[in-house]
Structures are given as structure tokens and as C-alpha cells.
Amino acid sequence: MLLLPLIEPYRSLSIIGMCKNAGKTTVLNRILSEMQETGKTLGLTSIGRDGESVDVVTQTHKPGIYVRKGTLIATAVEMLKYCDISREIVGTTGFPTPLGEVVLVRARSDGNVQLAGPSITAQLAKLAGTFFSLGADVAIVDGALSRKTLCAPAVSEATVLCTGASYSRDIDTVIEDTAFATTLLTLPQQSNFSEEERAACTGKALFRMEDGSLCPLPQDLTLSDALRSPAYACVRAVYVSGAVTDALLKPVLTAGKRFEGLILSVEDGSKLLIRRGTYDKLALCGISLAVARATRVAAITVNPFSAYGFNFDKDELLSRMQARVNVPVLNVLEDVRVEDMAWHAEDMRRIAAREEAERNTDCSHCCGNEELI
Amino acid sequence: MSLNFAQQENIGFRYVVDALRCDSPYGDARVRRLRFYASHEAEALLEDLGNVCAVMDTFEAYAAEYGRIERLMMQLKDIRRSVERCAEGPLNEVELFELKRFLLQSELIAPVFAAINAAAKLRGIEIRAQSEALALLDLDGQHAATFFIPDTYSQALRAARREKRLVEEELRRAKTEAERAPLMATRVRVAAAEDEEERAVRTALSEALRPFLPGILACMDAIAAFDFTLARARLARRYGGVMPELTDGVIEMEEMQNPRIADALTERKRAFTPVSIAAGKGATVITGANMGGKSVALKTLALNAFALSAGILPFAKKARLPLFDGVHVVSEDLENVDRGLSSFGAEIVRFNEVMAECGLGNAGKKAEGLHMILLDEFARGTNPEEGAMIVRAVTRYLNRQDAVTVLTTHYDGVAQEASAHYEVVGLRDMDTARVKGEIAMASPEQGADVIAAHMNYGLYRVEREQGCPRDALNICRLLSLTDEILSDIETLY
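Residues numbered from 1 in each chain as written. Chains lettered and ligands numbered in written order. Predicted model: local features only at pLDDT ≥ 70, side-chain atom pairs only at ≥ 80, totals over all residues.

Student: In this structure, what is going on with the overall build of chain A? I would like to understand it.
Tutor: Within chain A one finds twelve helices and 20 strands. Within chain A, counting contacts between residues at least 6 apart in sequence, those at least 24 apart form 78% of the total. (Helix = DSSP H or I, 4+ residues; strand = E, 2+ residues; numbered from the N terminus. Contact = placed C-beta atoms within 7 Å.)

Rendered as C-alpha cells:
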């Protein structure tokens, strides 16, 4: 199954992973390879640093990003020495990173690149515009680990979500958490607050009343205080200008009150830092979620191989994931035969040695996943 | 620079500097490091100011050219450090790219500058296109705003790129990892050879550029000078700057402005009353009502004299003044009480510092050039009887010195010690009945605003000596001070 038909309708695309080693780079390389037939020019960057040949966190092999001639890339100055394409420098951006300013390069040959782009949403959005003005047809943002990844959907029309065995040893957890992430990424577009109203919001939240009037959250009240007070009984929708966290919602959920039909909106999915349990409780209380900037999940890719030395049955993972979500699901290594994965055996040996040493420490790879979900 | 940051802020000089908007980072750097002219550099200052006036004079007629050069300068990036680094070693590809962009931009800016300069005839500023240096970096002769070393540049590069291309084509056709692996290995080797050759080219280019670096830096300096001149011309157009006539001690300023105070008043829907004053060596005294703007007059004079030494046209209708080597302000509200002194003590300490800087007083050593000393309500913090005596003595002393002193005071008997005496018109010509009526209509706390609106902030020269005006009593009356107290004051007058 090809990725191309799933992503072709979109002009900007982000690739994000549920965890490291979910197969993000493999997906990106597949997109790059499938796209070369279309003759489209790609603009490519990442949120923060990505594309190292060895994973700096898990010390396992990582495929490099191999671009085709003509591709535009935006990366930090210090990364250029690791890019073995013939480089034409076409611009500078003024966006600083720890690895130097982000510069724009046109690949004058095929080759490997290492990406280290900006990590600020506004800069990424601007960069996409620059790609288009330099002649790119499609802009692709490669996300990195952690909650920052969720910025990527905010600056792109569609997202490819990568998940796999590296996320958890428990296949149910992988499937449920990925499905939940998909839900947050595909929340419906809110319609209660106009762009002007949201832009003018200086406080923490806005309320839309039953009678259509708009009312800001008073300075001296918390969101949960207001929602529980009788004075705000006729609130139809809430817009929270910052992040919505479990801590923010807990008092609302434990109030023992139903908020039938209340719509809670945020700017985009990256502002929702809540657990699956919280989300389920919201639904039980009659509250639904919506976003001002909706995105689409173009596809989910699954990687049955874990960087931590175990594999899932690839067909089981694929079919169960497909059954769970309403989005096309692909196996990222579908066309790759086991003998082509010599690096995998090498990784297995390295991991076995390390796990031997760490036998008593529990599941170190799980850290970081909590904050995503 | 005789005024510290707080003093510069106080007289409105920082506000003026902040209002200088340059288009290029080179101009911005020039504003950050202002150059102050000493009195022996009067000629250079006049040339600089003449350039500002020449830009003002041609601004309308060459509006299109000025607009274009502003846009071109806005696109510049400060790459001075890269140029300096090039003198020491090879530049990397991004630095060469940025240098090429600058050189391309210099080719666009130079002709526009030449068109403007044909009319403006600026002295000492010449922006030259850096075409020879650009020719070195424009490797494919396309004038493209990108940096790429073309295959044709060297035999070795062509060979490496060709081999790399062949491998890449094979890689595209390769189906399996087994086929790809040896090709990838070859590719790594060839890419390294390409990289090696590119590095050699960059080193050679950097070396070839070296003879042109002084020219490039001079071009940056010229852009900075022109940008700074343009920013000063825009400032002068906005606030009314005038070409001054430099004197050796006489000050004759007509209708001076103070942009900071004027803008603050405009915001409150009031207008700034321009300050006109003449002074010279010796002491000039300004007296007048409370709320009458004596301090504003002093600050405005300080601002214009100080700004002049930074190459900024005086904000006035007409300006005759010397180029001072130092402008010194002593004002109680500027003194640092952290020194553990009372405000009066701090004022005396500051006064002594100023005397030393000017080579007066106990310093006994003549300082270079001419200095201006501005005393705002000197000794106001001590008891009025002693204060008056102190200010009289200070005035008498300064009146004999080879320096220009202007002071404001409340105290009686100071003016006769000075060479000239100005007074704020204040409430002299006010229609008392009308103002009283307006105050009655307004709320009690707005009374002071009503008076302010009727206050005449202009200065007039007092020819025949008279006592300080009695506007304080007038203000007490208008603001309805307790009747019993008022009548008591009247019997005391």
C-alpha cells in the first residue's frame, strides 16, 4: 500500500511519532521516495533536531533522511557538514537554534541530510510560506519526541502519526494510546468563537452564553469555580486560551455536576495535555472538545519492531489498529524484507547487552509517553 | 559625553535617539554608538549637519529614490563579523552566501545612491558597488542570490559530482538493501571527495577576497553614514530641525521644541509652547510661576545643545549656539539619594562634580572648550533664606566664568547677579474672571488642569529688574485656598 495517495491532497504535512523509534524517518523516506515520481518539489524541515544516524537517546541505528535532487531543506548551519548533498545556499531565516541559524538549502544532488529546524510554531509556519515562495509544492515538517510534536499539526494541513512496538511492550496500550492521540488530533472544528474574539482574549478563558453573549472569565475566578457557580449556569461553550491540563479539569469533573452539551475549545490539539481517563470523564459529564485549528490525520503507520528488543506480530498490530481507528493504517516496514534489516540484528545485540546491565530498572523507555497522552 | 543615561533620559535626549529609525543594521549600530563632536571638530559637525539638510532638501523631489534605497537597506544583514573573519581564514558556505547577498545589494544600492547624491551632493559619503568582489563570488555569472559552486569551477569538482550523480542514479534503480549497500558505500566516498574539493574552493575564494575586504568594510561604513543621515533627516522633518549657526558663546534659540514633552502633551490634547531664549557666557536666570514650565525651558535648551554635539539638528525655528564640549545639568530630581546624602547635600556634591568637569571652582584647571551649566531650582531643598543667598552667590560666581550658565529659580534677588533675566509669562495676561468661572464648572481635582490650560509657557526678557512674580498667590486664589489663610497671606505681602 502506498502512502502517496493518502497525503497527495495536502500542501503541508507533518510527521509525528508516539515515541522514538516509531518509524518516523522511515515514513519520511518512503514519502520522499514515492514523491520523486510525481515531480513535485518538496520543502523539508523538522521541529528541533532530527535525522541523526544513531539515535542519541537509545543508541540504536536510525535510517538517515535521503532526499532527491531539487528538494529544499531548512536546517541549522551546524548541520550542513552532515548533509552530503551538493548544496546551494538559497537563504537565511534569522531563526536561531542551539546549532546555529536555520538556513535554506536547495539540494543540487540526491543525498543524506540532517535536519534541525526551528521549534517555535510561528517560525515553522513562516518557514512553510518561505518554502512555497521558493517554489516548493509541498512542505513537510518532521516532528520530534515529546509534546512539542503536537505543534507540528498546528502548522500543517495533515499529519502522519507514527506508532509502534517501541511505545510499549503491551500491544493494547500501543493501540489504545495511539487511538486516543488520533482522537485529540482530529477533534472537530469549534464554531462558537470567532478569530477576532479569540485574538482579543486577554484572560484565561471566554464563555459563550445560551443567549449568544460573550463573557470573559473574571480575573478572580478559576475556570472550575466559574463553571460550578450558578451565575454561569447558562454557558454554552468555553474557549481556553492556554493549555488544558488534567489539573485544570479535575475540579470540574469531581463537581458531581453534568454540563450537558458544553463545548470546550482550545486553539489546537497541542494545547490539550490530558490523559485518556480525563477525556473519558469529560464525555461522561456531557462536555465535548473542539479546536479552533482542526487538522487531519492522513494516515497512521505502525512499526512492529521495537528498538528495545522485542517485536509484535505485524499482522495483528496492523489489523487491530485498523479496527480501532477511522484513519488509514499502514505497516511502515511493509515492503522491507528481514534480510534487508541487518542493522536490526546489530541493534538487537546492543540492546541485549544494555538490558543485561539494566535488568532491574523498569521500562525506562516509557518516560515521555505520559506527557504526550 | 557629559550626561549620564538618567540625565539624557530626563532632558528627552534618549527619546530623540529612540525616534531615530534607521533602515539597515549598519545604521542601527551607528545609532547605538553615537559619536559626540568636540568643539574643535566644528567643521566636521557642520559638514555632517549639512548632509542632513541636503537630504531634507531633496527628500520630496527624490521621494521615489529615497523610498527605494530605504527598502534596499532594510534587506541588509549585519555581516561585519564574517568580513572580519575572512581576513583570518576561510569562510563557510553560509558566510560566503551572505557576503554575496551583501555585494549584490551594494550593486543595487549604489546607483540609487548616485542618483540621490547627484542632487544632494553629500560630503564624505560615497556608496560604491563592490563589483570586483562580487565577480569572485558570482561563480556562474548569473547574479543569482544564492551560493553554489558550479561543476565547471574545477576539474576535480566536476569529476566528483559526475561520479556521485552516476551512483545516485544507480541507487534510484536499486530495489533491495543488498543492492543499495555497496552503492551507498561508494557514494559516501565520492561525497567526501566532493566535500574536500568544495572546501578547497572556499579557501581559495576567501583568499581571493582578502584584497577587497577594506573596500567592503568602507561600503558598510558609507551605508551606515547615509542611513544615519537619512534617519536624522526624517527626525528633523518630523519635529522641525534647523541648520544651526555655530557661535563662540552666544545662544539665540527661537521656538525650540522638545519632542518628548511635545508628544506627551499631544497625547493629552495639549500643545507644547516653543521656547525662545537668548543667553551667552555668564549667567542667565529664568524665574516664573510654579507650573510655569521653567524646568521644561531648561531641559529643552539642554536637549538641543546636547543633541547638536551628537550631530542632530536643533529642533527650533532658528538656532545660533556654540558647540559645547560639555552640557551639564544639576537638578534635584536627578540626584542619587542612595549616596546617603540629603537631596540638598547630593545637589552640592553634583555641583562640585560639574565644576570639576568644567575646570571651574576648586579644580583650578581649565577644561578644554566651552561648557554649558544648567541649574534647575538649585538649593530649593534648603530653607529659603539660606537658599536664596546660596543661589545668589553661585550666580554671581558663574556670571564671571568663561562658561554658559542658565538657571531657574524661585528666589528673589538672584536675577540682579546675572547677565540676563527671563520670566515665564505665566498667568500675567490671564482673564482671571474667566478662569475662575471655568474652575467653578470643573470638578475640584481638575482645577490645576484648568490653570495649566491658561498658563502661558512663553518666556519674556525682563529688562528692568523687578521682584519674582506673585503667581503663587494667584494660583492659591484660583484654587480656593481657605479664605482665612488667603487674607492672612495678603496682609503679609
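Moving on from the coordinates now.
Student: I tried to follow the overall build of chain B on my own but got confused; where do I start?
Tutor: Scanning chain B from N- to C-terminus turns up 19 helices and ten strands. For a compact globule of 493 residues, the expected C-alpha radius of gyration is about 23 Å, and chain B comes in at 32 Å, more than 25% above that figure. When its C-alpha atoms are laid out on the principal axes, chain B stretches across 115 × 55 × 55 Å. Across the 493 residues in chain B, those meeting the buried criterion constitute 40%. A fraction of 77% describes how many contacts in chain B between residues 6 or more apart in sequence connect residues 24 or more apart. (Rg over C-alpha atoms; globule rule 2.2 N^0.38 Å. Buried ≥ 20, exposed ≤ 12 C-beta atoms within 10 Å, placed from the backbone.)

Student: Explain the environment of A:Pro5 to me, please; I cannot follow it from the model alone.
Tutor: On the secondary structure map, A:Pro5 appears in helix α1 (residues 4-7). In this structure, the C-alpha to C-alpha distance between A:Pro5 and A:Ala298, residues 293 residues apart in sequence, is 9.7 Å.

Student: Quick question: what am I supposed to make of the domain arrangement of chain B here?
Tutor: Quite often, the size of an interface is put as the accessible area lost when its parts meet. All names here are of chain B. Taken domain by domain, chain B consists of domain 1 (37-148 + 209-233) and domain 2 (241-492). Once you take the C-alpha centre of each, domain 1 and domain 2 turn out to be 44 Å apart. Opposite the eleven residues of domain 1 that make contact, domain 2 presents eleven residues. Sort the elements by how many residues they give to the side of domain 1 that touches domain 2 and helix α4 (residues 42-58) lands first, with seven residues. By residue class, the composition of the side of domain 1 that touches domain 2 is eight nonpolar, one polar and two charged. (Domains from an automatic or database assignment. Nonpolar A, V, L, I, M, F, W, Y, C, P; charged D, E, K, R; others polar.)

Student: Would you mind going over the interface of chain B and chain A with me for this structure?
Tutor: Each side of the interface is counted separately: chain B has 15 residues, and chain A has 15 residues. Put simply, the parts of the chain that give the side of chain B that touches chain A at least two residues each are α7 (93-120), α9 (155-173) and α10 (177-209) of chain B. Within the side of chain B that touches chain A, the residues separate by chemical class into five nonpolar, two polar and eight charged.

Student: Can you walk me through the nonpolar core in this structure?
Tutor: Among soluble globular proteins, nonpolar side chains are generally buried collectively. All names here are of chain B. Ranked by internal contacts, the top residues of the largest apolar core, which has 220 residues, are Ile223, Leu301 and Ala302. No other element matches helix α11 (residues 213-239), which puts 14 residues into this core. Residues contacting Ala302, with those up to four places away along its chain left out, are Ile11, Val327, Val329 and Leu374. (Core = buried A, V, L, I, M, F, W, Y, C linked by C-beta atoms within 7 Å.)

Student: How do you make sense of the packing of α4(B) against α7(B) when you look at a structure like this?
Tutor: Relative placement of two packed helices is described by the angle separating their axes and the distance separating the axes. Residue and element names in this part refer to chain B. Following both chains from N to C, one finds α4 and α7 inclined at 100 degrees, their axes separated by 9 Å at the closest point. By the angle class used here, α4 and α7 are roughly perpendicular. Of α7, the residues touching α4 (which contributes Ala54, Val55 and Thr58) are Ile116, Ala119 and Ala120. Class assignment for the residues of the contact of α4 with α7 results in five nonpolar, one polar and no charged. (Axes fitted to C-alpha atoms, helices over the stretch in contact; angles between N-to-C directions. Parallel < 35°, antiparallel > 145°, perpendicular 65-115°, else oblique.)

Student: Hey, could you run me through the pairing of strand β11 (residues 158-164) of chain A in this one?
Tutor: Successive residues of a regular strand alternate their side chains across the two faces of the sheet. Residues and elements named next belong to chain A. Counting buried positions along β11 gives six out of seven residues, so the element sits mostly inside the fold. Here β11 runs beside strand β19 (residues 296-303); their pairing, made up of seven bridges, is parallel. Bridge assignment links Gly164 to a residue of β19, and that residue is Asn303. (Pairing = 2+ DSSP bridges.)

Student: Looking at this structure, I do not really get the environment of A:Glu101. What am I missing?
Tutor: Residues and elements named next belong to chain A. Along the chain, Glu101 turns up in the loop between β6 (87-92) and β7 (102-107). Judged by local crowding, Glu101 falls into the partly exposed class, with 16 C-beta atoms found within 10 Å. C-alpha of Glu101 to C-alpha of Pro118: the two residues are 17 residues apart in sequence and 8.9 Å apart in space. Not counting the four nearest positions on each side in its chain, Glu101 is found in contact with Ala76, Val77, Thr92, Thr93, Gly94, Phe95 and Pro96.

Student: Whenever I open this one, helix α18 (residues 471-478) of chain B confuses me. Can you help?
Tutor: In an α-helix there are 3.6 residues to a turn, and that puts residues three or four apart on one side. Residues and elements named next belong to chain B. Within the span of α18, buried status applies to Asp471, Ile475 and Leu478. Considered in projection along α18, the buried side chains sweep an arc of 65 degrees and stay on one side of the axis. Where the residues of α18 are buried, they touch β9 (420-426), α16 (432-441) and α17 (447-454). Backbone geometry just downstream of α18 places Ser480 in the positive-phi region, at approximately 55 degrees. (Arc of directions from axis to C-beta.)

Student: When you look at unusual backbone geometry in this model, what are you seeing that I'm missing?
Tutor: Negative phi values dominate among residues other than glycine, just as trans dominates among peptide bonds. All names here are of chain B. Non-glycine residue Glu377 carries a positive phi angle of around 50 degrees. Structurally, Glu377 is set in the loop between β7 (371-376) and α15 (384-399). Look at Ala379: it is not a glycine, yet its phi comes out positive at around 60 degrees. Within the secondary structure layout, Ala379 lies in the loop between β7 and α15. For Ala379, a count of 24 C-beta atoms within 10 Å translates into the label buried.

Student: Sorry if this is basic, but what is going on with the sheet that holds strand β8 (residues 404-408) of chain B here?
Tutor: Hydrogen bonds between backbone groups are what pair the strands of a sheet, and the pairing can be parallel or antiparallel. All names here are of chain B. Across the sheet, which stays open at both edges, the six strands sit in the order β6-β7-β8-β4-β9-β10 with mixed pairing between neighbours. Looking at which strands have only one partner, the edges of the open sheet turn out to be β6 (326-331) and β10 (456-461). Here the average twist between neighbouring strands, direction ignored, is 20 degrees. As paired strands, strand β4 (residues 282-287) and β9 are joined by four bridges and run parallel to one another. Note on β9: the bridge partner recorded for Thr284 is Ala420. The strands touched by helix α13 (residues 294-309) within the sheet are β4, β6, β7, β8, β9 and β10, with β7 carrying the most contacts at an inclination of about 160 degrees. Across the sheet, α15 lies against β4, β7 and β8, angled at about 140 degrees from β4, the strand it touches most.

Student: Whenever I open this one, the sheet that holds strand β5 (residues 318-321) of chain B confuses me. Can you help?
Tutor: All names here are of chain B. Reading across from one edge, β1-β5-β2-β3 is the order of the four strands in this open sheet, with mixed pairing throughout. Each edge of the open sheet is held by one strand with a lone partner, namely β1 (245-246) and β3 (275-279). Where β1 and β5 come together, two bridges link them in parallel fashion. Residue pairing in the sheet places Leu246 in a bridge with Leu321 of β5.

Student: Is there a simple way to explain the pairing of β3(B) in this structure?
Tutor: Residue and element names in this part refer to chain B. Every second residue of β3 is oriented toward a common face, the buried set being Val275, Ile277 and Ala279 and the non-buried set Ser276 and Ala278. Looking at chain direction, strand β2 (residues 251-256) and β3 are connected through four bridges and run antiparallel. Note that in β3 the partner of Ile251 across the bridge is Ala279.

Student: Just checking my understanding: could you explain the packing of α9(B) against α10(B) for this structure?
Tutor: All names here are of chain B. For the pair α9 and α10, the least separation of the axes is 9 Å and the interaxial angle reads 155 degrees. Judged on the interaxial angle alone, α10 and α9 are roughly antiparallel. By crossing handedness, the relation of α9 to α10 is classed as left-handed. Within the contact between the two elements, α9 uses Ala156, Leu157, Ala160, Arg161, Glu163, Lys164, Val167, Glu168, Glu170 and Leu171 and α10 uses Arg180, Leu183, Thr186, Arg187, Val190, Ala191, Ala193, Glu194, Glu197, Glu198 and Val201. Its residues assigned to classes, the contact of α9 with α10 comprises ten nonpolar, one polar and ten charged. (Left-handed = near helix turned anticlockwise from the far one by under 90°.)

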